[in-house]
Number of protein chains: 2
Amino acid sequence: MGAEQTVSDIGEFALINAISARLTPPSAENTSVGIGDDSAIISARGGQAVACVDMLAQGVHFRLDWSSANDVGRKAAAQNLADIYAMGAKPTALLVALALPADTPVSWVLELADGLNEEAQKVGVSVVGGDIVRADAITISVTALGELGDRTPILRSGARSGDILAVAGKLGYSAAGLLLLSRGFRSPRAVVNAHRVPEPAYDLAEQALHATAMIDISDGLVSDVRHIAKASGVQARIETDRIQIPADLQEVGGAFNEDPLQWILTGGEDHAFVATFSDALSVPKSWNIIGHMEEGPAQVLVDGLLTESGGWDHFGA
Amino acid sequence: MGAEQTVSDIGEFALINAISARLTPPSAENTSVGIGDDSAIISARGGQAVACVDMLAQGVHFRLDWSSANDVGRKAAAQNLADIYAMGAKPTALLVALALPADTPVSWVLELADGLNEEAQKVGVSVVGGDIVRADAITISVTALGELGDRTPILRSGARSGDILAVAGKLGYSAAGLLLLSRGFRSPRAVVNAHRVPEPAYDLAEQALHATAMIDISDGLVSDVRHIAKASGVQARIETDRIQIPADLQEVGGAFNEDPLQWILTGGEDHAFVATFSDALSVPKSWNIIGHMEEGPAQVLVDGLLTESGGWDHFGA
């Protein structure tokens, strides 16, 4: 049988064919031209396309010893799809660019494709195009596309004084999972897995199409609420007594003598959604109210105290 | 003054602000939401978005000692914009994902942004979103978006027996330029520069909206004509006596005892356009007829001889 087959053993075109064969073909409704032409052609009902891109780099966003290829694929897709939902849009397709070392096992790339495909299929879309190049380390760039139809986009700038601030989805799990993995632990699984693969609450974002502002939490709750506050020109107040700390985060916090609230306030990469609503009654079920917006400087107060930092900077400045 | 400022000196958010300040803001007609929200919102007249992605990796697609940051930015934009034109579409926007080592000079990144912006502005579009992450080597992923309006997309699969095969733009220059650079030469400048920055003949592609099939030449003329032949199920015949070899390619060929025709037939990365037209009269001015399509196996004959290879494979299989 010999050693495991690498991408340089089979070559670029065979690799693309093998990947394409694993992907769920897009619906004709969503995609009139998919993989195999110069560009893909994707539906954009309403005459506008919604688009975002995120990049994952080996050693920075994932470690091959911590995450399976499938995990990496799902994570890459999830964080982009969350950005489409955070605009109040409906995803239509993913495009994927991959930089791979020549000795990358073909099996790793196919599992990555499976992960991308699985996450995309959760919301009914497919990978419809991409690029594969040789490089010294693995880098994955995912572009997500979406459409608005007759929906109004939900911007970061729409929050008004008096609006209610609410979150949907898990918070702090990815940060706690990272701590566990970095200390050599592999459990509690719900926490560790949350770092490997975020699970954005796409369905809860779909229930918030009437939100006045929305963002998906990639940098950290405080940091991303600050983005809304700055774009909207209002002050945000987060009240931590409204934030319930899940039992598994309490457990991990106790074990490491860390305050789990810090993970919830500042941990990135969970891709929960935070949004503002014009009144408390319009906050959808399963969203949790954590504060409100008011007249004042464009900043975030946590329990009345100004927080200047709290988030993830890629270059650590 | 101290050492040159690096991206880790100023941090991710300051870097994004500095880049954004250099970019030409998009037209309101093309982009209702640009940099600064979860996603961009871009016009897609006709209700369909055209999208493609390409990745450039340091050491594979560019070398920092051969290409300026501006060159790299222009190349990254050009190769994607060419893919949009090759669909018969009109570009609307670029999204850019950058992986950067922490010690990358800020000035390099800003020049890269200038290059992306300059090439995008050639066709009236802007960079409207992106992502920046830390990594060990520079990787650039560009997503180009386009719209069709009331145009019909031009696919690779539309060529028919009897169609005329024609090319628009420079061919073989990038391959000859690569040879020159790899031997330590910096002239003839037109040839060397063609490797650093392709100059797709966007305007000539716009004149070919009635083409039956079109592709931009990234892998090499023969290889990309084979893509059309296979997708269309027809045989392509290229007649080399119809191909004029430019004086500067003859000069380089003579100096290195190489046949410049090989660069024209197999050199990639020039991003010239090759297309098929239903008859010779409909071939636009400034396009050069190089052959025709006929009944037969889905393959390419060059002067009647079958060519099985002739192109660029990223993993060299």
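Throughout, residues of each chain are indexed from 1 in the direction in which the sequence is written. All chains are assigned letters beginning with A, and all ligands numbers beginning with 1, in the order in which they are written. In keeping with the model being predicted, local features are shown solely for residues with a pLDDT of at least 70 and side-chain atom pairs are shown and tallied solely at 80 or more, while totals for entire chains, interfaces and linings include all residues. Excluding hydrogens and water, the side-chain figures rest on all heavy atoms present in the structure.

## Some points on the packing of aromatic side chains
All names here are of chain A.
Piece 1. Ring pairs shown here join Phe, Tyr and Trp side chains whose ring centres sit within 6.5 Å, with only the six-membered ring taken for Trp; geometry is labelled stacked below 30 degrees between planes, edge-to-face above 60, and tilted in between. According to the stated counting rule, one finds eight aromatic pairs over all chains in the structure shown.
Piece 2. Ring centres 5.4 Å apart and planes at 80° place the aromatic pair Phe277 and Trp287 in the edge-to-face group. Of the two residues, Phe277 sits in strand S10 (residues 273-277) while Trp287 sits in the loop between S10 and strand S11 (288-294), which places them ten residues apart along the sequence.
Piece 3. A 1.4 Å probe rolled over the protein chains alone gives each residue an accessible area, and that area as a share of the maximum for its type sets the label: buried under 20%, exposed over 50%, partly exposed in between. Trp287 sits in the buried class, given a relative accessible area of 5%.
Piece 4. Geometrically, a charge over a ring is one whose NZ (Lys) or CZ (Arg) sits within 6 Å of the ring centre while staying within 35 degrees of the ring normal. Note that Arg63 overlies the ring of Trp66, its terminal NZ or CZ placed 4.0 Å from the centroid. Helix numbering and strand numbering both begin at the N terminus, where a helix is a DSSP run of H or I of at least 4 residues and a strand a DSSP run of E of at least 2.

## What about helix H3 (residues 69-85) of chain B?
Piece 1. A helix's residues, less one, multiplied by 1.5 Å, set its expected span. The first and last C-alpha atoms of H3(B) sit 24 Å apart over 17 residues, in line with the 24 Å expected at 1.5 Å per residue.
Piece 2. Summarising burial for H3(B): 17 of the 17 residues are buried, a large majority.

## Focus: unusual backbone geometry
Piece 1. Residue Ser187(A) is joined to Pro188(A) through a cis peptide bond whose omega torsion reads 0°.
Piece 2. Structurally, the position occupied by Pro188(A) is in the loop between helix H5 (173-182) and helix H6 (189-196).
Piece 3. Unusually for a residue other than glycine, Asn257(B) sits at a positive phi of about 55°.
Piece 4. On the secondary structure map, Asn257(B) appears in the loop between helix H9 (247-256) and helix H10 (260-266).
Piece 5. Judged by relative accessible area, Asn257(B) falls into the exposed class, the value being 74%.
Piece 6. Unlike most non-glycine residues, Glu269(B) shows phi in positive territory, near 70°.
Piece 7. Along the chain, Glu269(B) turns up in the loop between H10 and strand S10 (273-277).

## Looking at the sheet that holds strand S13 (residues 305-306) of chain B
All names here are of chain B.
Piece 1. In short, DSSP must find at least two bridges between two strands for them to pair. The strand order S8-S10-S7-S11-S9-S12-S13 describes an open sheet built from seven strands, whose pairing is mixed. The open sheet has two edge strands, strand S8 (213-216) and S13, and neither has a second partner.
Piece 2. Of the pairings in the sheet, the one linking strand S9 (residues 235-238) to strand S12 (residues 300-302) comprises three bridges and is parallel in character. Bridging from a neighbouring strand, Ala236 pairs with Val300 of S12.
Piece 3. Running over the sheet, H3 touches S8 and S10 and is turned about 175° from S8.
Piece 4. In this analysis, two residues are considered to be in contact whenever any of their non-hydrogen atoms come within 4.5 Å of each other. Angles run from 0 to 180 degrees between N-to-C directions of axes, and those axes are lines fitted to C-alpha atoms, restricted for helices to the stretch in contact. Each of strand S7 (164-168), S8, S9, S10, strand S11 (288-294) and S12 is contacted by helix H8 (residues 221-232), which is oriented at about 145° to S8, the strand it contacts most.

## Describing the relation of the copies chain A and chain B
Piece 1. The copies were overlaid with a least-squares fit restricted to C-alpha atoms from residues scoring a pLDDT of at least 70 in each copy. Each copy superposes on the other: chain A lies on chain B with an RMSD of 0.0 Å after a rotation of 180° and an axial shift of 0.0 Å. One copy is carried onto the other by what is essentially a two-fold rotation axis. Ranked by how close their C-alpha atoms come to the rotation axis, the residues of chain A are headed by Gly47(A), at 2.2 Å.
Piece 2. Counting the interface residues of chain A, we find that 100% of their copies in chain B are interface residues as well, pointing to one common contact surface.

## Regarding the interface of chain A and chain B
Piece 1. The interface is formed by 69 residues belonging to chain A together with 69 residues belonging to chain B.
Piece 2. When a carboxyl oxygen of Asp or Glu lies within 4 Å of a side-chain nitrogen of Lys or Arg, that pair is called a salt bridge. Across the chain A-chain B interface, the total number found is four salt bridges.
Piece 3. Among the salt bridges present, the one from Arg156(A) reaches Asp37(B), with a minimum N-O distance of 3.7 Å.
Piece 4. Whenever a nitrogen or oxygen atom comes within 3.5 Å of another N or O atom, the pair is scored as a polar contact, on the condition that within protein one atom can donate a hydrogen and the other can accept it, and that pairs from neighbouring residues in sequence are kept only if both atoms are in side chains. The interface formed by chain A and chain B contains 20 residue pairs in polar contact (both at pLDDT 80 or more).

## A word on the side chain of Ser232(A)
Residue and element names in this part refer to chain A.
Piece 1. Its location among the elements puts Ser232 in helix H8 (residues 221-232).
Piece 2. By relative accessible area, Ser232 is classed as buried at 13%.
Piece 3. Of the polar contacts made by the side chain of Ser232, one reaches the backbone oxygen of Arg156; its length is 2.7 Å.
Piece 4. Setting aside chain neighbours within four positions, we find Ser232 in contact with Arg156, Ser157, Gly158, Ala159 and Arg160.

## Some details on the pairing of S9(B)
Piece 1. Bridge count between S9(B) and S11(B): four bridges; the pairing is antiparallel. Looking across to S11(B), one finds that Ala236(B) is bridged to Met293(B).

## Quick word on the packing of helix H2 (residues 12-22) of chain B against helix H4 (residues 106-122) of chain B
Residue and element names in this part refer to chain B.
Piece 1. Between H2 and H4, whose axes approach to 9 Å, the crossing angle comes to 35°. Once H2 is placed against H4, the crossing between them reads as right-handed. Together, Leu15, Ala18, Ile19 and Arg22 of H2 and Val106, Val109, Leu110, Glu111, Ala113, Asp114 and Asn117 of H4 make up the contact between the two elements.
Piece 2. Grouping the constituent residues of the contact of H2 with H4 by class yields seven nonpolar, one polar and three charged. Each crossing gets its hand from how the near helix is turned against the far one by less than a right angle, where anticlockwise is left-handed and clockwise is right-handed. Residue classes follow a fixed rule: Ala, Val, Leu, Ile, Met, Phe, Trp, Tyr, Cys and Pro count as nonpolar, while Asp, Glu, Lys and Arg count as charged, and any other residue, Gly among them, counts as polar.

## Describing the domain arrangement of chain A
Residues and elements named next belong to chain A.
Piece 1. Where each domain starts and ends follows an automatic or database-derived domain assignment. The domain architecture assigned to chain A consists of domain 1 (7-147) and domain 2 (156-306).
Piece 2. The gap between the C-alpha centroids of domain 1 and domain 2 is 27 Å.
Piece 3. Every contact between the two is made by 19 residues of domain 1 and, on the other side, 20 residues of domain 2.
Piece 4. Surface buried jointly by domain 1 and domain 2 totals about 1,700 Å² across both partners, of which 60% is contributed by carbon and sulfur atoms. Buried area counts how much accessible surface, traced with a 1.4 Å probe, disappears from two parts once they are put together, with both parts' losses summed.

## Some points on the pairing of strand S6 (residues 139-147) of chain A
All names here are of chain A.
Piece 1. Most of S6 is tucked away: nine of the nine residues are buried.
Piece 2. On S6, burial covers both faces: Thr139, Ser141, Thr143, Leu145 and Glu147 on one face and Ile140, Val142, Ala144 and Gly146 on the other are all buried.
Piece 3. Sheet topology places strand S3 (residues 48-57) next to S6; nine bridges connect them, and they run antiparallel. Paired with Val53 across the strands is Thr143, a residue of S6.

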